[in-house]
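Below, each chain spelled out in residue letters.
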Amino acid sequence: MKKNIKAELSQNFASGLVVFLVALPLCLGIALASGAPPLSGVIAGIIGGIVIGSLSNSNISVSGPAAGLTAIVLTAITDLGAFELFLCAGIVAGLIQLILGFIRAGSISNYFPNNVIEGMLAGIGIIIIWTQIPHALGFDKENFSNETLFDNGFNINYFSELFSSIHPGAIVVTMVSIAILLAWDYIPSLKKLKMLPGALVAVVAGILLNQLFIVSGGSLAISSEHLVTLPIPTSADDFKNLIAIPNFAGFTNPQVWIAGATIAIVASIETLLCIEASDRLDVKRRITDTNLELKAQGIGNLASALIGGLPITSVVVRSSTNANAGASSKVSSIIHGCLLLICVLSIPFILNMIPLATLASVLILVGYKLAKPATFKHFWHKGKYQFIPFVATVLAIVFTDLLKGVGIGLAISIFYILQGNMKRAYYLSREKLNDTDEFTIKLSEEVSFLNKAAIKKTLKNVKPGSKVTIDAKSTSYITTDVLEMIQDFANVRAKENNIEVALIGFKTSYRDYENDQDSHISITHRRAM
């Protein structure tokens, strides 16, 4: 047992460190954008890492304060007139999420098609790149980091202002940081240094470079407004004043209950979206119990509100950073929460030396990996019934917000399903002998993404050592969501759990399943094993 714990810590410390470096400025920035005390965002990050990370069974997702809730939180704090009253709304939100978990509302995530989830990731990747450009150039326009593209005016005058106000020192730090990160990504000898992540090297290099600029007294020195900003307590009273306690009189205010219910609904939807996306980023294709996740989020939000923290959700930026940094289990999320706690209490003066340009470099590369051209090409080759919902989701998220974008993508996907792919429901035939573990999953003529949940649940419940036959001889259409899920099961999870899989009747290309649709990719599909 001790060896397993030691191995988990060794495998996940580097990724936890990278997520900590990314999460710290995000926690602070989201708190400021929400009109809350700066430390409230860090408290939410600590609770999201340690408490939710311990309770959740998601191996990749990381929880913390979310940019998608900033407008709701800002409005609620303004209307209520005090942050201490708003904390009561956080308690209400946590209780509602607990109830949602117990009534098994998490199963709604099974009905998000893969092209919409991938579109969500790509859209967020574009937003990440866009919002980090000012930090990378040393120009931090107020409120520029909102999660929509046009919040501050997408016009020629803005770009003129941006590129005429760049800071040469920040650009040097950005270029050096990106060079270090790319070297750690592409040089094999450096990629093996798991305990020395490229992000940490970039942060140290950024600090040293800026200190050199300051000592030299030149124009390259980066001023404090372009550095991480944390409160530095110097006495016991300072530490005490850092934490806000709820004013429980707020429970008599109807606005508190309305705000709490709104936060619970939005936070739960964002969490379920992120969990579905995180499971796709997991190289082992492990499946998260979404009902358990809602319970964990509820407990986390209760704990956060009780000690002065912002509302929490599972967050795509930190989760994708975690996956890209090589996380293998939820230990990485717990480590990031512990590092937030330790460093904020012990060395805030060192953290305040980190240039935002370095952290922007880390996030820009994360954004590129989420929205890389290969992803767009992949869905283009799958045909218009996959590409149009994907690109519509991307554009809608970039030009509106996360929930509206996903809603538009879902609406388009459902339209196509209703148009041609729902002629008949699929059925599953399960035959289990008394003394053996042999299953036959027989797919019917039409299998759409609406059938994904039942098939996913069946495959998840297959015990190690079983023999499974998946029969598609009668299937004329099967959506790529389900097809890829079956491939992942046969190629990854089945091998790890000693499950014998036989695939019967599957065709050799997506075109064969979409004979009257525009599909242009041909795949080699494993036949009966």
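Analysis parameters
Residues numbered from 1 in each chain as written. Predicted model: local features only at pLDDT ≥ 70, side-chain atom pairs only at ≥ 80, totals over all residues. Heavy atoms only, no water. Axes fitted to C-alpha atoms, helices over the stretch in contact; angles between N-to-C directions. Helix = DSSP H or I, 4+ residues; strand = E, 2+ residues; numbered from the N terminus. Parallel < 35°, antiparallel > 145°, perpendicular 65-115°, else oblique. Left-handed = near helix turned anticlockwise from the far one by under 90°. Contact = heavy atoms within 4.5 Å. Nonpolar A, V, L, I, M, F, W, Y, C, P; charged D, E, K, R; others polar. Buried < 20%, exposed > 50% of the residue type's maximum accessible area, 1.4 Å probe, protein only. Polar contact = N/O pair within 3.5 Å; in protein donor to acceptor, adjacent residues only side chain to side chain. 1 Å grid on protein atoms, 1.4 Å probe; cavity = no way out; pocket = protein on both sides within 12 Å on 5 of 7 lines; lining within 4 Å. Points joined across faces, edges and corners; volume = space filled by probe spheres on them. Pairing = 2+ DSSP bridges. Salt bridge = Lys/Arg side-chain N within 4 Å of Asp/Glu carboxyl O.

1. Description of the packing of helix α4 (residues 83-102) against helix α12 (residues 290-306)
Where α4 meets α12, the axes come as close as 7 Å, and the angle between the chain directions of the two elements is 165 degrees. Between α4 and α12, the angle is such that the two are roughly antiparallel. The interaxial crossing formed by α4 with α12 has left-handed handedness. In contact with Leu 87, Gly 90, Ile 91, Gly 94, Leu 95, Gln 97, Leu 98, Leu 100, Gly 101 and Phe 102 of α4, α12 contributes Asn 291, Leu 294, Lys 295, Gln 297, Gly 298, Ile 299, Asn 301, Leu 302, Ala 305 and Leu 306. Residue composition of the contact of α4 with α12, by class: 11 nonpolar, eight polar and one charged.

2. Some thoughts on the packing of helix α7 (residues 168-186) against helix α16 (residues 356-370)
When two helices pack together, their arrangement is given by the angle between the helix axes and the distance between those axes. Axis separation between α7 and α16 bottoms out at 8 Å; the angle between their running directions is 45 degrees. Overall, the two elements α7 and α16 adopt an arrangement that is oblique. Of the two elements, α7 crosses α16, and the hand of that crossing is right-handed. Mapping the contact onto sequence places Ala 170, Val 173, Thr 174, Ser 177, Ile 178, Leu 181, Leu 182 and Asp 185 in α7 and Ala 357, Thr 358, Ser 361, Val 362, Leu 365 and Lys 369 in α16. The class makeup of the residues in the contact of α7 with α16 is eight nonpolar, four polar and two charged.

3. Quick word on the side chain of Asn 322
When you line up the elements, Asn 322 lands in helix α13 (residues 316-324). Judged by relative accessible area, Asn 322 falls into the buried class, the value being 0%. One polar contact links the side chain of Asn 322 to the main-chain carbonyl oxygen of Ile 60, over a distance of 2.8 Å. Residues in contact with Asn 322, not counting those within four places in the same chain, are Ser 15, Val 19, Asn 59, Ile 60, Val 62, Ala 327 and Ser 332.

4. Thoughts on empty space enclosed by the protein
Following the criterion strictly, the structure yields five cavities of 30 Å³ or more and no others. Taken as a whole, the largest cavity encloses approximately 280 Å³ of empty space. Forming the walls of the largest cavity are 15 residues, and the residues nearest its centre are Arg 285, Ile 287, Lys 456, Met 485 and Asp 488. Where the lining of the largest cavity is concerned, the elements lending two or more residues are α11 (254-281), α20 (452-460) and α21 (480-496). Of the residues forming the lining of the largest cavity, the biggest block, five residues, is contributed by α21. Class assignment of the residues belonging to the lining of the largest cavity gives a composition of four nonpolar, one polar and 10 charged.

5. Re the sheet that holds strand β7 (residues 500-504)
An order of β3-β5-β7 is seen for the three strands of this open sheet, with the pairing classed as parallel. For this open sheet the edge positions go to β3 (438-442) and β7, each flanked by a neighbour on one side alone. The average angle at which neighbouring strand axes cross in this sheet is 15 degrees, direction not considered. As paired strands, strand β5 (residues 467-471) and β7 are joined by five bridges and run parallel to one another. Pairing of Lys 467 across the sheet is with Glu 500, part of β7. α21 rests against β5 and β7 of the sheet, and its axis sits at about 155 degrees to β7.

6. Here we look at the pattern of salt bridges
Under the definition given, this model contains seven salt bridges. Residue Glu 276 pairs with Lys 456 through a salt bridge whose shortest N-O separation is 3.5 Å. With Glu 276 in helix α11 and Lys 456 in helix α20, this residue pair connects regions lying 180 residues apart in the sequence. Taken individually, Glu 276 and Lys 456 each receive the classification buried, so the pair is uniform in this respect. Taking the shortest distance from any N to any O, the salt bridge between Arg 285 and Asp 488 comes out at 2.9 Å.

Nothing here speaks to function; it is all geometry.
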